[in-house]
Amino acid sequence: MDLDAYTSVHRPTWERLDALARTRRLDAGQADELLELYGRASTHLSMVQAHDPDGPQAAGLSMVLARARNRITGAPSSASAGFSRFFLEQLPAAFYRIRWLTVILGAAFCLVAVWFGAWVNGEPAVLASLGTEEQMREYAQEQFTGYYSENPAASFAGQVWTNNAWIAAQEVAFGITGYFVPYVLFVNAQGVGISGGVMAAHGELDTFFLYILPHGFMELTAIFIAGAAGLRIFWAWVAPGQRTRLDSLAAEGRSLFTVAFGLVIVLAVSGVVEGFVTPSDLPHWLRLGLGLAVLAGYWTYTLVLGRRAVARGGTGDLEAHDAGARQLTA
């Protein structure tokens, strides 16, 4: 389909719909016409999006339809509507679009961590290079668990949240380089693996998992999500498709910085778990269960609401008018 020709043919319909949506008072005939044109334009939008979902024609027509829909329903845009739209459509759609890449990065992270852990645990020379036997025993038996309780829970939770939110923001912001995300994930996987290897070498592997998993289920997943968002921005630059690189980067950047804002909340929850649940005296099964519940909540939110939002055309990007789309012109 020639999109420019299609736009030229149907532009009068869209302009008439926009004019009616802006009319202060409609008589009965104009109201009926508004409803009829809204139905036609909705069909036109589906055709346009099928050929160029992120192009200027789709953005402009979406803006016209949004204005007409608000006029029909009598529900003008508001702060509460924007809040609901962000958490029920934009954010879950953004999470959903990177779900598989999130899982792939998580699997790669775990493989690297397990390899380093097995290497440290299985090679006495490697373990010895990390410090003296006394230092390693002290780390395994005291320092590892002491880290989670040496500061007041609220203060510790805040420190953890700040640190992890900063790492996640960097992954999204510098993901365009292509190498920053793999580097950050590798370094973190290496650190986790070495720590686990030291604990295993001193018979404390169960302690390692009991202390790292309650918060780690969600905390590490959040780092994988941020990495996936960063790599999507990189790929938008490398392979923009039918869009220009600038348009591709702008659309993906807006969508995936939505992820960064969402991760601020996700990591805050993870920080609370690490500060208050991980070092607590709760039974092991309950601490692990709470960590799994947080992770299950995230994936339920992403897969259920995200699938629905994407099915309705959501990408996590801003609304057309918020993204700076211009009204259709002749």
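Throughout, residues of each chain are indexed from 1 in the direction in which the sequence is written. Predicted model: local features are reported for residues with pLDDT of at least 70 only, side-chain atom pairs are reported and counted for 80 or more only, and whole-chain, interface and lining totals are derived from all residues. With hydrogens and water stripped out, all remaining heavy atoms of the structure feed into the side-chain values.

- Under an unreviewed UniProt entry, the name given to the protein is Stage II sporulation protein M, and the organism recorded is Citricoccus nitrophenolicus.

Focus on the overall build of the protein
And then number 1: Each helix and strand counted, the protein has twelve helices and zero strands in total.
And then number 2: Working definition: with a 1.4 Å probe on protein chains only, accessible area under 20% of the residue-type maximum means buried, over 50% means exposed, and in between means partly exposed. Scored against the burial criterion, the 330 residues of the protein give a buried share of 40%.
And then number 3: The contact rule is simple, with two residues in contact once any of their heavy atoms fall within 4.5 Å. In the protein, the proportion of contacts linking residues at least 24 apart, taken out of those at least 6 apart, comes to 80%.
And then number 4: Accessibility throughout is a Shrake-Rupley quantity obtained with a 1.4 Å probe, and a residue counts as covered only by protein chains that appear here. Summing over all exposed atoms, the protein offers an accessible surface of approximately 17,100 Å²; the carbon and sulfur share of this is 62%. Going along the chain from the N terminus, every DSSP run of H or I of four or more residues is numbered as a helix, and every run of E of two or more is numbered as a strand.

Some details on helix α3 (residues 56–73)
And then number 1: Counted at 1.5 Å a residue, the expected span for α3 with its 18 residues is 26 Å, and the 26 Å between its end C-alpha atoms agrees.
And then number 2: Gln57, Ala58, Gly60, Leu61, Met63, Val64, Leu65, Ala66 and Ala68 are the residues of α3 that are buried.
And then number 3: The inward-facing, buried residues of α3 contact α1 (3–22) and α2 (28–51). In a helix, the anticipated span is given by 1.5 Å times the number of residues less one.

Brief notes about the nonpolar core
And then number 1: Counting residues in each nonpolar core, the largest one holds 35 residues, and the members touching the most others are Phe95, Ile98, Leu185, Ile225, Val259 and Leu263.
And then number 2: Of all the secondary structure elements, the ones that give two or more residues to this core are α4 (79–97), α5 (99–122), α8 (153–174), α9 (180–201), α10 (205–238), α11 (245–277) and α12 (284–311).
And then number 3: No other element matches α10, which puts ten residues into this core.
And then number 4: Apart from the residues lying within four places of it in its own chain, the contact partners of leucine 263 are Phe95, Ala168, Ala222, Ile225 and Ala226.
And then number 5: Among the nonpolar cores identified, the runner-up in size contains 16 residues, and Tyr6, Trp14, Leu37 and Val64 belong to it. Nonpolar cores were defined as sets of buried Ala, Val, Leu, Ile, Met, Phe, Trp, Tyr and Cys residues, with membership established by side-chain atoms within 4.5 Å.

Description of the confidence of the model for the protein
Detailed conclusions should not be drawn from predicted coordinates in areas where pLDDT is low.
And then number 1: A residue's pLDDT is the confidence the predictor assigns to it, expressed on a 0 to 100 scale. Within the protein, residue pLDDT values average 83, and 88% of them lie at 70 or more.
And then number 2: The secondary structure element of the protein with the lowest average pLDDT is α8, at 77, and the one with the highest is α5, at 96.

Points about the packing of aromatic side chains
And then number 1: By convention, a stacked pair of Phe, Tyr or Trp rings (six-membered ring in the case of Trp) has centres within 6.5 Å and planes under 30 degrees apart, an edge-to-face pair has planes over 60 apart, and any other such pair is tilted. Under the counting rule described, the total for this entry stands at 16 aromatic pairs.
And then number 2: Ring centres of tyrosine 139 and phenylalanine 144 lie 6.1 Å apart, and the angle between their planes is 70°; on these two criteria the pair is classed as edge-to-face.
And then number 3: Both rings, one in phenylalanine 144 and one in tyrosine 148, keep their centres 5.9 Å apart while their planes meet at 75°; by these two values the pair is edge-to-face.
And then number 4: In textbook terms, an aromatic cluster arises when at least three aromatic residues are bridged by ring pairs, as seen for Tyr139, Phe144, Tyr147, Tyr148, Phe208, Phe209 and Tyr211.
And then number 5: The side chain of arginine 287 reaches across the aromatic face of tyrosine 211, ending 5.2 Å from its centre. Distance and angle both matter: a charge sits over a ring if NZ of Lys or CZ of Arg is within 6 Å of the ring centre and within 35 degrees of the ring normal.

Focus on a nonpolar patch on the surface
And then number 1: Taken together, Trp161, Val264, Ile265 and Val269 make up a surface patch of nonpolar side chains, about 300 Å² in accessible area.
And then number 2: Structurally, valine 264 can be placed in helix α11.
And then number 3: Overall, valine 264 belongs to the partly exposed group, its relative accessible area being 33%. Like charges within 9 Å and nonpolar side chains (Val, Leu, Ile, Met, Phe, Trp, Tyr) within 5 Å are joined into patches, using only residues over 30% in relative accessible area that form no salt bridge. When a carboxyl oxygen of Asp or Glu is within 4 Å of a side-chain nitrogen of Lys or Arg, the pair counts as a salt bridge.

Some points on the pattern of salt bridges
And then number 1: In this structure the tally under the stated criterion is five salt bridges.
And then number 2: In this structure, the salt-bridge partner of aspartate 18 is arginine 22, at a minimum N-O distance of 3.2 Å. Of the two residues, aspartate 18 and arginine 22 are both situated in helix α1; the distance of four residues between them amounts to about one turn of the helix.
And then number 3: Residue classification places aspartate 18 among the buried positions, given a relative accessible area of 4%.
And then number 4: As a salt-bridge pair, arginine 137 and glutamate 133 come within 3.0 Å of each other at their nearest N and O atoms. Of the two residues, arginine 137 and glutamate 133 are both situated in helix α7 (residues 133–146); the distance of four residues between them amounts to about one turn of the helix.

Things to note about the packing of α1 against α2
And then number 1: Here the axes come from fitting lines to C-alpha atoms, over the contacting stretch only for helices, and the angles between their N-to-C directions go from 0 to 180 degrees. It is at 9 Å that the axes of α1 and α2 come closest, and there the two elements cross at 150°. When the axes of α1 and α2 are compared, the pair comes out roughly antiparallel. Viewed along their axes, α1 and α2 form a crossing whose handedness is left-handed. Here α1 contributes Leu3, Tyr6, His10, Thr13, Trp14, Arg16, Leu17, Leu20 and Ala21 to the contact with α2, which in turn contributes Gln30, Glu33, Leu34, Leu37, Tyr38, Ala41, His44, Met47 and Val48.
And then number 2: Each residue is assigned to one of three groups, with Ala, Val, Leu, Ile, Met, Phe, Trp, Tyr, Cys and Pro labelled nonpolar, Asp, Glu, Lys and Arg labelled charged, and all others, Gly among them, labelled polar. Of the residues that constitute the contact of α1 with α2, the class distribution is twelve nonpolar, four polar and two charged. Roughly parallel means an angle under 35 degrees; roughly antiparallel, over 145; roughly perpendicular, 65 to 115; everything else is oblique. Two helices cross in a left-handed way if the nearer one is turned anticlockwise from the farther one by less than a right angle. They cross in a right-handed way if the turn is clockwise.

Remarks on the side chain of threonine 207
And then number 1: Among the structural elements, threonine 207 can be located in helix α10.
And then number 2: Assessed through its relative accessible area of 15%, threonine 207 is described here as buried.
And then number 3: Setting aside anything within four residues of it in sequence, one finds threonine 207 in contact with Phe144, Thr145 and Met199.

A word on the side chain of histidine 215
And then number 1: Along the polypeptide, histidine 215 turns up in helix α10.
And then number 2: By relative accessible area, which is 2% here, histidine 215 ends up buried.
And then number 3: Among residues more than four places away in sequence, those in contact with histidine 215 are Tyr148, Ser270, Val273, Glu274 and Thr278.

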